[in-house]
Amino acid sequence: MAHLPSRRRLALAVPVVLSLTASLGFLPAAASAAPVPASAARTADAGTLAYVVNTKTDHGTIRKVKKAVAEAGGTVVAAYDRIGVLVVHSANPDFGPKIRAVRGVQSAGATRTAPLSAAGTTDEGAAQVLSKAEAAKVEKASDAAGQSEPLEADQWDLRAIGADKAATINPGSKRVTVAVIDTGVDDTHPDLAPNFSASQSANCVGGVADTTPGAWRPYDPAEDYHGTHVAGEIAAARNGIGVSGVAPGVKVAGIKVSDPKDGLFYPENVVCAFVFAADHGVEITNNSYYVDPWLYNCMDDPDQRAIVDAVNRAQLYAQKKGTLSVASAGNSNHDLDSDALEDASSPDDTTPVTRTVDPHECFDIPTQLPGVVTVSATGVKGAKSYYSSYGLGVVDVAAPGGDKFQIPDTPSANGRILSTLPNNAYGFLQGTSMASPHVAGVAALLKSTHPHASPAQLQALLKLQADATSCPTEPYDGDGNGVVDATCVGGKRLNGFFGFGVVNALRAVK
C-alpha cells in the first residue's frame, strides 16, 4: 500500500491560547454558508490562488467587501457571512494587498503558495493490512478470551483505557455524533455502516459543502485510508464482525477536507468543515491533521495571520454551537514548550524553506486554537510514543497512539493500532492521528453520560477523569538507541508527556 506522508503537529499552552484569542480579538456569534452560483465555484485557471478574506460581520460591510473583491479581480467561492469569512479565488498577483486595504477587511491572505491546479495527516508510517491468515489467528485468540469482536485480541489500546469494560456499561448514545474531519470515510465498511450518519457528512474540498450521497468517501481507497481508520477507532460497532471502537454505540460522520491532487488540508476546506459540523448538530470533531500549507502560521505574516483568523472564527463558532474539537499533537517529538523550533516543511505545497519559529508566536492550527483538546500518544507499555510531540502546559491529555518499539502480548505482537480500512479491510497504523480519536471516543462517552455538558465542561471532565501518569524515572530513550530523546517536565498530575494523564473510558461511563 502506498505510503501516506508523515505529518508533524505542534500545540500550545493555555497562556499562549489566551494571547491568540486576544490577538484576534473577537468571538463571532453564528455562521452559515451563503449559496454561491455554480459558475462561481468553477475550477480555477492556472495562476489562480485561493484566499480567505475576513471581515466585520455586519451585512453592510460584507456587501461592500464582496463588491471590492470583484473590483480587485476576485471571485467569491463561498461566503460564511455570520463569521465574516469569504473564500475567494483570484489570478491577480496584487489581490492580497488590494483587498487588505479595503475598509472593513480585518485580515486577508492566500491559503496556498502554489496556483490552484485544474497529504496531510498525522500517522507515522504506512498502514499494515491484516491478512486473512493473520486475522484467523487473531480470531482464534479472541474467541478463546471470550471477546465479542473477532479481532479484539489485537486491540490492546481498548484495554489500556478500559474501553472494553466501558462498552458493557454504556457503549455510547446514538444521539451523540463524532465527525471525522479527514481524508474521507468509507461508510460501506461493515463495522462502520451501523453507526454512520450520512445526514451529518459532506465533502468540504474547495470550501463549499457537497452533501451528495457518497461525496464524503475517500477519493482513492488505496491511498486515502486515514479517515476510515480514525472512524473505526472511534465508533466501530460491536456487531461480531471485526473490531470495536472506543464508543461503539455513538454515531460517526465523515467530513472530507483533503485535496484530491496533493492530499493537503487547505484552510478553506477546514473552515467549511467546522461550520458544517456545527450547523448539523455534531457534538465532537476529530482533527488528526494540521492545516496546510504552513506547519506554523506566524502572526507577523499577512497570509498566515489570515489563515489563523479564518480557521479560528470557524472553530469558535463550532464551540458556541456546542461542538468540542479534539486534535493530535504531532509526530515530530518536539518539546512544544521550547523557545524555538525548526520548521523545515513549510510551505508544503511548493518548496519548503527551513526556518526557526517561536511556537508562542507562530501557530499550528487547529491544534493551538483556544478550546481545542491537544492529545499526545502512548504505546502499550504506557510510555510516550517515540514520535509524539510533548510539552508542559501544551498537551491536555494522552491516549494510545501506538509505538512499534513497544510490543504487546497480542496474537499479532504489533504495537500499532488496529482499526478499519476501506474496502472491508483492517490494518495497523501508529501516530498521534491514532491517539486523538481515542480521546474523541471518550469525549463521546462523556457526552452520552452528561448530555447537557458544554464543550468546556467535556474538556474539564476529560482531564479530571484521566489516569494521572508521572514522568519516567529514567532518561527517555523512545527508540532504544541509547540516546536521550526527550525530557519530561512536571509532576504526576500535570506534565509535558501526558498532560493531565491518559484518558479513561471506564470512568467516563461511571
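Preceding block: the structure.
Model, not experiment: these values are computed from the prediction. (Residues numbered from 1 in each chain as written. Predicted model: local features only at pLDDT ≥ 70, side-chain atom pairs only at ≥ 80, totals over all residues. Heavy atoms only, no water.)

A. Representation of the overall build of the protein chain within the structure. In terms of helices and strands, the protein chain carries 12 helices and 19 strands. Counting across all 510 residues of the protein chain, residues that qualify as buried make up 61%. As displayed, the protein chain has an accessible area near 17800 Å², and 53% of this comes from carbon and sulfur atoms. (Helix = DSSP H or I, 4+ residues; strand = E, 2+ residues; numbered from the N terminus. Buried < 20%, exposed > 50% of the residue type's maximum accessible area, 1.4 Å probe, protein only. Areas by Shrake-Rupley, 256 points an atom, 1.4 Å probe, with all protein chains shown as cover.)

B. Geometry of the state of the cysteines. Applying the stated criterion to the full structure yields 3 disulfides. There is a disulfide in this structure between Cys298 and Cys362, and the S-S distance comes to 2.1 Å. When the S-S torsion is 105°, as for the bridge of Cys298 with Cys362, the disulfide is right-handed. Of the two residues, Cys298 is situated in strand 11 (residues 297–298) and Cys362 in strand 15 (residues 362–363); the sequence distance between them amounts to 64 residues. The class for Cys298 is buried, based on a relative accessible area of 7%. Here Cys471 connects covalently by a disulfide to Cys488, the sulfurs 2.1 Å from one another. Of note, the bridge from Cys471 to Cys488 carries an S-S torsion of about -60° and is left-handed in sense. Linking Cys471 in the loop between helix 11 (455–464) and helix 12 (505–509) with Cys488 in the loop between helix 11 and helix 12, this pair joins segments that are 17 residues apart in sequence. (Disulfide = S-S within 2.5 Å.)

C. Structural detail: the nonpolar core. Counting 63 residues, the largest nonpolar core has Ile284, Val439, Val442 and Leu462 as its most contacted members. Filtering out sequence-adjacent residues up to four positions away, Val439 remains in contact with Val326, Val373, Val375, Val397, Ala398, Ala399, Leu462 and Val503. Residues Ala253, Ile255, Ala277 and Ile365 belong to the second largest nonpolar core, which totals 42 residues. (Core = buried A, V, L, I, M, F, W, Y, C linked by side-chain atoms within 4.5 Å. Contact = heavy atoms within 4.5 Å.)

D. Main features of the environment of Gly322. Counting through the fold element by element, Gly322 comes out in the loop between helix 9 (302–320) and strand 12 (324–328). Assessed through its relative accessible area of 26%, Gly322 is described here as partly exposed. A C-alpha to C-alpha distance of 6.0 Å links Gly322 and Pro455, two positions 133 residues apart in sequence. Setting aside anything within four residues of it in sequence, one finds Gly322 in contact with Val282, Glu283 and Pro455.

E. Representation of the sheet that holds strand 17 (residues 397–400) within the structure. If you walk across this open sheet you meet the 7 strands as 8-9-7-10-12-16-17, and the pairing is parallel. The open sheet has two edge strands with one neighbour each: strand 8 (202–203) and strand 17. Inspection of the sheet shows strand 7 (residues 177–182) paired to strand 9 (residues 251–256) by 6 bridges, in the parallel sense. Residue pairing in the sheet places Val180 in a bridge with Gly254 of strand 9. (Pairing = 2+ DSSP bridges.)

F. Spatial organisation of the pairing of strand 9. Among the 6 residues that make up strand 9, 5 are buried, leaving the element largely enclosed by the rest of the structure. Bridge count for strand 8 against strand 9 is 2 bridges, and the pairing is parallel. Among the inter-strand pairings, Ala202 is bridged to a residue of strand 9, identified as Ile255.

G. Quick look at the environment of Pro411. Within the element layout of this structure, Pro411 appears in the loop between strand 17 and strand 18 (417–421). Residue Pro411 is classed as buried on the basis of its relative accessible area, which comes to 19%. Put simply, Pro411 and Glu139 are 272 residues apart on the chain and 9.1 Å apart in space, counted from C-alpha to C-alpha. For Pro411, the contacting residues outside a window of four places in its chain are Lys137, Val138, Ala141, Ala153 and Asp154.

H. The packing of aromatic side chains, seen in detail. A full pass over the atoms with the stated rule returns 8 aromatic pairs. Their ring planes at 20° and their centres at 4.8 Å tell us that Phe265 and Tyr289 sit as a pair that is stacked. Of this pair, Phe265 sits in the loop between strand 9 and helix 8 (267–279) while Tyr289 sits in the loop between strand 10 (284–287) and strand 11; the two residues are 24 residues apart in sequence, bridging distant segments of the chain. The exposure class of Phe265 is buried, given its relative accessible area of 0%. We classify Tyr289 as buried; its relative accessible area is 0%. Aromatic rings pair up to connect Tyr390, Tyr476, Phe497 and Phe498 into one cluster. (Phe/Tyr/Trp six-rings, centres within 6.5 Å; stacked < 30°, edge-to-face > 60°.)

I. Local environment of the packing of helix 10 (residues 432–449) against helix 11. Running from N to C, helix 10 and helix 11 cross one another at 110°; their axes reach a closest spacing of 10 Å. In terms of orientation, helix 10 lies roughly perpendicular with respect to helix 11. The hand of the helix 10/helix 11 crossing is right-handed. Contact residues: helix 10 offers Val439, Val442, Ala443, Leu446 and Lys447, while helix 11 offers Leu458, Leu461 and Leu462. Among the residues making up the contact of helix 10 with helix 11, the classes are represented as 7 nonpolar, no polar and 1 charged. (Axes fitted to C-alpha atoms, helices over the stretch in contact; angles between N-to-C directions. Parallel < 35°, antiparallel > 145°, perpendicular 65-115°, else oblique. Left-handed = near helix turned anticlockwise from the far one by under 90°. Nonpolar A, V, L, I, M, F, W, Y, C, P; charged D, E, K, R; others polar.)

J. Main features of the sheet that holds strand 18. The strand order across the open sheet formed by 3 strands is 6-19-18, and the pairing between neighbours is antiparallel. Looking at strand neighbours, the two that pair on one side only are strand 6 (128–129) and strand 18, the edges of this open sheet. Two strands pair when backbone bridges link them, and strand 6 and strand 19 (residues 425–429) are joined in this way by 2 bridges, in the antiparallel orientation. Bridge pairing links Val129 to Gly427 in strand 19. With respect to the sheet, helix 7 (residues 226–235) is in contact with strand 18 and strand 19, its orientation differing from that of strand 18 by roughly 115°.

Limitation: the analysis is restricted to geometry and does not speak to function.
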